[in-house]
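An overview of the molecular structure
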Amino acid sequence: MSAVTTQAGPKPGASGPAAGRPDGGSALRHMMAGNGMVTVLAIVLSLVISAVLIILTDEEVLEALGYFFARPQDTLVAAWEAVAAAYAALFRGAVFNYQAEDFTGMIYPFMESLTLSTPLIIISLGIAISFRSGLFNIGGQGQMIFGAMFATFFGVHLQLPFGVHLLLVVIMGILGGALWGSIVGILKAATGAHEVILTIMLNYIAVYLVAYLLQTPVLQREGSTNPVSDFLEPTAVFPPLLGDSFRLHWGFVVAILTTVFAWWLIQRSTIGFQLRAVGANPAAARTAGVSVKRMYVVAMVISGGLAGLAGVSQVSGTEKVLNTDVAGSFGFDAITVALLGRSNPVGVFFAGLLFGALRAGGVTMQTETGVPIDIVLIIQSLIVLFIAAPPLVRTIFRLPAPSALEARTAADPVTQPALAGAAAATTTTAGGTAPAAESAVVGDAVGVAAGDAASPPSPAESASPAEAAPAGARRDAPDAGPPPGGRGTASPTQDTTGEEGEQR
């Protein structure tokens, strides 16, 4: 007999865990077991470990340790002062400088954090989209460089009206990044070459290519021997967002709009559905009619285009000039931000703000307290480490374990194939029920791969008590199956084509 897929859900009017709701008094437990709490605690734990490193590298603390057993309070006070001074400087350099004399100086650090976050958010959204499609794109650096090169060429050598010129620069920057990303997608689809190797090699090509072009009349500033371009025309740059007192420009608004676009693309568009399906299960997506090779190309084009847009925001907004360090470490920091945001556009946006604040505050921390700016890199690395190991964070803070549904959802922070439907779907056969992960039909597999939660069962599907049995349990109801040696009567929902139907 052929298998019939049903969704095991709560019965109408049922209560308690079986109804899919937390039992009494478990709201706090549900919140503590969530991924959001794990992320917050991972950041806290990273700050604590970094504080230990600050203490161990502080000269006054090391001096006080020499007579610790005689006056232990001196060591404790010195340790507290070292950590407090470092994190206070980090806060003043990233969020609010309460020691400034005027309001502009007080909020300048926050504006600077937003400025540094702008290209990081945009490029991280592109990396997150490639992650959701199952591609580990680490070529954001090269794609950002190509977008910056295209934007600089058209921003320097053309003179157009303000709106037209800026729009052309933005479009060409996106096109440059998309072109460089499409090479990876095409090679991946045509030859099966691994995207990690491809993107690494293309990063090197982009880095040395921009260094060469900045020493030729194509991009080099006239009369200069340094590898730097002319300043972009005033009509080709983003205007200041809050006046000339801050470096924050309208590129930050573009970053917000890009976040909205990425959310719509992933969650609401047909292409996003197919990208998520391919990222979760390429075989099931292919069987359902999705062109996996085409989705690889589409994913890399979109990812590269957003990386190119990040390059535009850097040369047309922050720097207004192109140099060999235009991409800096944005390409690799974007991987960290995408992981921290769990490849969710909203999460990526706030993760980008956090890392932009760490970038801005790290300089102040090093200048005022002498703490190496490498501590900021350690904080970032620890955050990613703990985000990638949720069981470790839960063990340290003794958090309750998540339900099986949440565990599957958070199993992979890169592609995040939300297997919510697979946790609830069961396949009814003549002998009982089996997990859908083992025998789900292709349609269910693609729907689950796209990250869509299972819909509640209809009254007709939930009318039979036997269908509410747990997965793997045999049913003793009279209609559980035909008697030994007998033939079963086919129900309206069963396929009566026999073995031929099963083969199809």
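Whatever comes next refers back to the structure up there.
Think of each chain on its own: its residues are numbered from 1, step by step along the sequence as written. For this predicted model, a pLDDT threshold of at least 70 governs which residues receive local features, and a threshold of 80 or more governs which side-chain atom pairs are given and counted, while totals over whole chains, interfaces and linings are taken from all residues. The basis for every side-chain value is the complete set of non-hydrogen atoms in the structure, without hydrogens or water.

**Regarding the overall build of the chain**
We count it as follows: Counting from the N terminus, the helices are DSSP H or I runs at least four residues long and the strands are E runs at least two residues long. Accessibility here uses a 1.4 Å probe with only protein chains present; expressed as a share of the type maximum, an area under 20% marks a residue as buried, one over 50% as exposed, and anything in between as partly exposed. Contacts are assigned to residue pairs with any non-hydrogen atoms lying within 4.5 Å of each other. Accessible surface is estimated by sampling points in the Shrake-Rupley manner with a 1.4 Å probe; for residues, cover comes only from the protein chains shown.
Helices and strands together make up the secondary structure of the chain, namely 21 helices and three strands. When the 504 residues of the chain are sorted by exposure, 46% land in the buried category. Partitioning the intrachain contacts of the chain with sequence separation of at least 6 by distance along the chain shows that 73% fall at a separation of at least 24. Summed over its atoms, the accessible surface of the chain is roughly 24,300 Å², and 64% of this surface lies on carbon and sulfur atoms.

**Let's talk about a nonpolar patch on the surface**
What counts is decided by this rule: Patches were defined on residues exceeding 30% relative accessible area and lacking a salt bridge, with like-charge contacts within 9 Å and nonpolar side-chain contacts (Val, Leu, Ile, Met, Phe, Trp, Tyr) within 5 Å. Just to be clear on terms, a salt bridge is a Lys or Arg side-chain nitrogen sitting within 4 Å of an Asp or Glu carboxyl oxygen.
A cluster of nonpolar side chains, contributed by Phe91, Val95, Phe96, Tyr98 and Phe110, occupies part of the molecular surface with about 430 Å² of accessible area. With respect to the element layout, Phe110 can be found in helix α5 (residues 103–132). Using a relative accessible area of 38% as the deciding quantity, one classes Phe110 as partly exposed.

**Re the environment of Val321**
Along the chain, Val321 turns up in the loop between α12 (292–318) and α13 (330–340). Here the alpha-carbon distance between Val321 and Val156, two residues 165 residues apart in the chain, equals 9.2 Å. Among residues more than four places away in sequence, those in contact with Val321 are Arg221, Val228, Ser229, Asp230, Phe231, Leu232 and Val315.

**Re the nonpolar core**
Applied cut-off: For this analysis, a nonpolar core means a set of buried residues of the types Ala, Val, Leu, Ile, Met, Phe, Trp, Tyr and Cys, connected via side-chain atoms within 4.5 Å.
Ile129, Ile145, Met149, Val278, Val312, Leu322 and Met365 are the most contacted members of the largest nonpolar core, which totals 102 residues. Broken down by element, the residue count for this core peaks at 13 residues, all from α12. What Met365 contacts, discounting residues up to four positions off in sequence, is Ala86, Ala89, Leu90, Gly370, Val371, Pro372, Ile375 and Val376.

**Remarks on a negative patch on the surface**
What counts is decided by this rule: Think of it this way: Lys and Arg go in the positive column, Asp and Glu in the negative one, and His and the chain ends go nowhere. Lys charges are placed at NZ, Arg charges at CZ, Asp charges at CG and Glu charges at CD.
Taken together, Glu59, Glu60, Glu63 and Glu81 make up a surface patch of like negative charges. If you tally residues by element for the negative patch, the top one is helix α3 (residues 59–65), at three residues. By relative accessible area, which is 52% here, Glu60 ends up exposed.

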